[in-house]
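Chain residues, written in single-letter form:
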Amino acid sequence: MYDQTRARQPADRPPGLAGRRAPGPEPLLPSDERDRIVRRLGHAVNTFADAPGEALEEAESAFDAATEALVNALAERRRVLRAGWLDRDPETQSAELRLALREYREITGRLLRA
């Protein structure tokens, strides 16, 4: 069925209501950082035929950048989560502890599915 609302949206905007976040978990990396790594990897793929060695070096560099960014993002997420529950009285803060546990479970599950 034709969706007039969706058809009127600019091509650079995702479908849905303005300012509405897409369903699902929050990305681990900021979109600008992800885009930069994807562009580098795409450039490596596109230049492979002309300069395979340089393309592989660029692909490896993009992989290293993605790995470093992911490790840093996970360390920061862990720091924030840990600060939220460490040194708290478990009896009075059970709801907050439950949320922290849920977040740990969600992030770990995402890592294992990747």
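Up top you'll find the structure we're talking about.
Residues numbered from 1 in each chain as written. Predicted model: local features only at pLDDT ≥ 70, side-chain atom pairs only at ≥ 80, totals over all residues. Heavy atoms only, no water.

Undergrad: Before we move on, can you summarise the pattern of salt bridges with the specific residues and values?
TA: Under the counting rule described, the total for this entry stands at 3 salt bridges. Between Glu76 and Arg79 there is a salt bridge; the shortest N-O distance is 2.6 Å. Here Glu76 and its partner Arg79 are both found in helix α3 (residues 52-85), 3 residues apart, which amounts to about one turn of the helix. One salt bridge in this structure joins Glu103 and Arg77, with 3.0 Å as the shortest N-O distance. Pair noted here: Glu103 is in helix α4 (residues 94-113) and Arg77 is in helix α3, with a separation of 26 residues, a long-range link. Take Arg77: its relative accessible area is 18%, and that puts it in the buried class. (Salt bridge = Lys/Arg side-chain N within 4 Å of Asp/Glu carboxyl O. Helix = DSSP H or I, 4+ residues; strand = E, 2+ residues; numbered from the N terminus. Buried < 20%, exposed > 50% of the residue type's maximum accessible area, 1.4 Å probe, protein only.)

Undergrad: Tell me about a negative patch on the surface, residues and numbers included.
TA: On the surface, a cluster of negative charge is made up of Glu54, Glu57, Glu60, Asp64 and Glu68. Note that Glu68 resides in helix α3. Since its relative accessible area comes to 54%, Glu68 is described here as exposed. (Patch = residues over 30% accessible without salt bridge, like charges linked within 9 Å, V, L, I, M, F, W, Y side chains within 5 Å. Areas by Shrake-Rupley, 256 points an atom, 1.4 Å probe, with all protein chains shown as cover. Lys, Arg positive; Asp, Glu negative; His and termini not counted. Charge placed at Lys NZ, Arg CZ, Asp CG, Glu CD.)

Undergrad: Pulling in residues and values, what's your account of the packing of helix α2 (residues 31-47) against α3?
TA: Packing of α2 against α3 leaves a shortest axis separation of 8 Å and a crossing angle of 160°. Judged by the inter-axis angle, α2 sits roughly antiparallel to α3. When you trace α2 past α3, the crossing you get is left-handed. Every residue of α3 that contacts α2 at Glu33, Ile37, Arg40, Leu41, His43, Ala44 and Thr47 is listed here: Ala55, Glu58, Ala59, Ser61, Ala62, Ala65, Ala66 and Ala69. (Axes fitted to C-alpha atoms, helices over the stretch in contact; angles between N-to-C directions. Parallel < 35°, antiparallel > 145°, perpendicular 65-115°, else oblique. Left-handed = near helix turned anticlockwise from the far one by under 90°. Contact = heavy atoms within 4.5 Å.)

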